[in-house]
Amino acid sequence: MTPAARLSAAITVLDRILDGEPVEKSLTNWGRANRFAGSGDRAALRDLVFDALRCKRSYAAFGGGMTGRGLILGQQRSRGADLDTMFSGIGHAPAVVQASDAPRMPTGAEALDCPDWLLPLMQATLGPETETVLRALQQRAPVFLRVNLARGTVAQAQAQLAADAIVTVAHPLAKTALEVTQNARKIQNSAAYLSGLVELQDAASQAVVQALPLRDGMRVLDHCAGGGGKTLAMAARAKLWLFAHDAIPRRMADLPARAVRAGVQVTIVDNPESSVPYDLILADVPCSGSGSWRRDPMGKWALTPEMLAKTCAIQASILDRLAPMVSPEGALAYATCSLLQGENEAQIDAFLARTPGWNCQTSQRFTPLSGGDGFFIAILTRK
């Protein structure tokens with residue numbers, strides 16, 4: 001496909017997404033209907049679509065409307081592309097630019113690709129860093145790997161990856177973190193990945209696990225395990241009795257196979273109360289996902305004040321449920337991939353206020369300015 005034809009394809013996919021079709025379904029359906037497109041075309045299309053969704057409001061202003069064409073035209077204008085060439089109407093290229101496609105300069109929350117109602121909450125949390133963080137969320141997220149130190153060293157992992165032409169650099173957020181700088185799409189077929197030496201995991205997510213007070217012999221529950229990335233990262237740090245639970249069990253469908261590849265044992269539990277007490281419980285709770293909107297831009301546009309309030313209520317209920325499951329000398333680790341104070345520090349303050357006998361031993365917030373996703377971690381212990 002020519003570059004202009006890829007723009008036309010992105011316009012088609014974006015129109016479907018704007019009409020309510022899920023992103024992955026739209027991309028998959030396009031690929032099935034256009035089997036002539038090679039892997040490079042599909043990858044380029046995906047990049048165009050996700051970039052447009054990250055910057056949906058500002059690109060719509062630059063492109064003259066909230067349509068697939070408007071988003072792609074705004075995208076190309078922002079990149080300084082030759083519009084006469086890319087929008088020529090020749091062959092499979094988009095139609096030529098018309099007067100109705102006139103750009104408008106976005107301002108305020110629109111320029112930062114943030115919902116209007118959400119900007120004050122971001123400002124209350126991030127203060128003078130608000131604009132810089134929101135600008136970072138407009139960009140594509142880096143690709144990170146976690147080195148499984150139970151399988152080998154960081155240097156050995158880099159050497160094995162390099163043998164498959166995957167170039168990496170160590171990242172300061174975590175001692176196990178590698179940022180992939182070349183050939184990220186080769187990772188899942190690489191020897192280092194297939195042998196369990198490396199796993200895909202954001203650097204800030206690794207830093208969260210690095211902050212946990214783990215030691216050999218502990219009984220540990222990953223309560224909101226999801227795909228199990230943090231479960232496996234904990235297993236690599238110490239010899240643990242590991243339990244994993246998720247309210248939606250199908251999210252953990254790949255965890256047993258991943259655990260085998262990593263060389264660790266994880267017990268999946270439907271009822272975590274049946275295995276109490278735990279020396280450590282990690283609750284990476286459901287949240288707005290605002291720290292990871294580079295990877296899931298539609299989450300930003302789907303979030304509403306009502307959804308946020310409901311999510312905060314769920315977070316509080318999880319903390320209240322888990323506290324009695326922790327052993328007297330144990331710890332409860334609360335984590336989110338959110339940037340919002342209401343889901344982070346405010347949740348911890350409210351829990352401590354209604355739960356006598358607990359204190360916050362330590363807490364830390366990460367933002368995309370550190371390189372990885374936005375995350376929050378607090379370690380709670382009994383007084």
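Everything below is about the structure shown above.
This report concerns the structure included in the present document. (Residues numbered from 1 in each chain as written. Predicted model: local features only at pLDDT ≥ 70, side-chain atom pairs only at ≥ 80, totals over all residues. Heavy atoms only, no water.)

## Quick look at the overall build of the protein chain
A tally of helices and strands in the protein chain yields 17 helices and eleven strands. Taken over C-alpha atoms, the radius of gyration comes to 22 Å for the protein chain, in line with the 21 Å a tight globule of 383 residues would show. Considering only C-alpha atoms, the protein chain reaches an extent of 70 × 50 × 35 Å along its principal axes. For the protein chain, the residues scored as buried account for 53% of the 383 residues in total. Counted over contacts in the protein chain with a minimum sequence separation of 6, partners at least 24 positions apart contribute 69%. Surface exposure of the protein chain reaches about 16900 Å², of which carbon and sulfur atoms provide 53%. Positive and negative side-chain charges in the protein chain, numbering 39 and 35 respectively, have mean positions lying 4 Å apart. (Helix = DSSP H or I, 4+ residues; strand = E, 2+ residues; numbered from the N terminus. Rg over C-alpha atoms; globule rule 2.2 N^0.38 Å. Buried < 20%, exposed > 50% of the residue type's maximum accessible area, 1.4 Å probe, protein only. Contact = heavy atoms within 4.5 Å. Areas by Shrake-Rupley, 256 points an atom, 1.4 Å probe, with all protein chains shown as cover. Lys, Arg positive; Asp, Glu negative; His and termini not counted. Charge placed at Lys NZ, Arg CZ, Asp CG, Glu CD.)

## Section: the sheet that holds strand E2 (residues 167–170)
Spatial strand order, E2-E3-E1-E4: four strands in an open sheet with antiparallel pairing. At either margin of the open sheet sits one strand with a lone partner, and together these are E2 and strand E4 (198–200). Neighbour-to-neighbour, the strand axes of this sheet turn through a mean angle of 40°, independent of strand direction. By the bridge criterion, four bridges tie strand E1 (residues 143–147) to strand E3 (residues 177–182) in an arrangement that is antiparallel. Across the sheet, valine 143 pairs through a bridge with valine 180, a residue of E3. (Pairing = 2+ DSSP bridges. Axes fitted to C-alpha atoms, helices over the stretch in contact; angles between N-to-C directions.)

## A look at the packing of helix H16 (residues 305–322) against helix H17 (residues 345–354)
Where H16 contacts H17, the two axes come as close as 11 Å, and the packing angle between them is 45°. Put simply, H16 runs oblique to H17. The two elements H16 and H17 cross, and the hand of that crossing is right-handed. Residues Cys312, Gln315, Ala316, Leu319 and Asp320 of H16 form the contact with H17, whose participating residues are Gln347, Phe351 and Arg354. (Parallel < 35°, antiparallel > 145°, perpendicular 65-115°, else oblique. Left-handed = near helix turned anticlockwise from the far one by under 90°.)

## Comments concerning the sheet that holds strand E6 (residues 241–244)
Read across the sheet, seven strands follow the order E7-E6-E5-E8-E9-E11-E10 without closing on themselves; strand pairing throughout is mixed. Strands at the two margins of the open sheet, each flanked by one partner only, are strand E7 (267–268) and strand E10 (358–366). In the sheet, E10 pairs with strand E11 (residues 375–382) via eight bridges, with the strands oriented antiparallel. What sits directly across from glutamine 364, in E11, is isoleucine 377.

## A word on the nonpolar core
By size, the foremost hydrophobic cluster in this structure holds 36 residues, and its most contacted members are Leu212 and Met234. Here this core takes five residues from helix H12 (residues 203–210), the largest share from any one element. In this structure methionine 234 touches Val209, Leu212, Leu214, Val220, Asp222, Leu240, Leu242 and Leu282, once residues within four positions along its chain are discounted. Judged by nonpolar contacts, the second largest core, of 26 residues, contains Val23, Ala52, Cys55 and Met86. (Core = buried A, V, L, I, M, F, W, Y, C linked by side-chain atoms within 4.5 Å.)

## Looking at helix H13 (residues 229–237)
Counted residue by residue, H13 has seven buried out of nine residues, so it is predominantly covered. Within H13, burial applies to Gly229, Lys230, Thr231, Leu232, Ala233, Met234 and Ala235.

## Re the side chain of serine 26
Here serine 26 lies in helix H2 (residues 23–33). The buried category is assigned to serine 26, whose relative accessible area is 0%. Residues in contact with serine 26, not counting those within four places in the same chain, are Val13, Arg16, Ile17 and Glu21.

## Concerning the side chain of arginine 146
One can find arginine 146 in strand E1. Among buried charged residues, arginine 146 stands out as having no salt bridge; its nearest opposite-charge side chain is glutamate 199, 5.2 Å away. A distance of 2.9 Å separates a polar atom in the side chain of arginine 146 from a polar atom in the side chain of glutamine 201. Non-local contacts of arginine 146, meaning those with residues more than four positions away in its chain, are made with Thr176, Leu197, Val198, Glu199, Gln201, Gln206, Gly229, Leu232, Ala233 and Ala236. (Salt bridge = Lys/Arg side-chain N within 4 Å of Asp/Glu carboxyl O. Polar contact = N/O pair within 3.5 Å; in protein donor to acceptor, adjacent residues only side chain to side chain.)

## Quick notes on helix H9 (residues 130–137)
Along H9, the residues classified as buried are Thr130, Val133, Leu134, Ala136 and Leu137. On an axial view of H9, the arc spanned by its buried residues comes to 155°, and they lie on one face. Where H9 is buried, its residues contact helix H3 (39–54) and helix H8 (119–126). (Arc of directions from axis to C-beta.)

## Observations concerning the packing of aromatic side chains
Between two aromatic rings, the relevant description is the distance of the centres plus the angle of the planes. Applying the stated criterion across every chain yields a total of three aromatic pairs. Pairing tyrosine 334 with phenylalanine 376 gives two aromatic rings, centres 6.5 Å apart and planes at 70°, and the pair type is edge-to-face. On the criterion of sequence distance, the pair formed by tyrosine 334 in strand E9 (residues 326–336) and phenylalanine 376 in strand E11 is long-range, its members being 42 residues apart. Relative accessible area serves as the criterion here: at 0%, tyrosine 334 is assigned to the buried category. Aromatic pair phenylalanine 351 and tryptophan 358: ring centres 6.0 Å apart, planes at 70°, arrangement edge-to-face. Considered together, phenylalanine 351 and tryptophan 358 belong to a single accessibility category, that of buried residues. Between the NZ or CZ atom of arginine 261 and the centre of the ring of tyrosine 193, over which it lies, the distance is 4.5 Å. (Phe/Tyr/Trp six-rings, centres within 6.5 Å; stacked < 30°, edge-to-face > 60°. Lys NZ or Arg CZ within 6 Å of the ring centre and 35° of its normal.)

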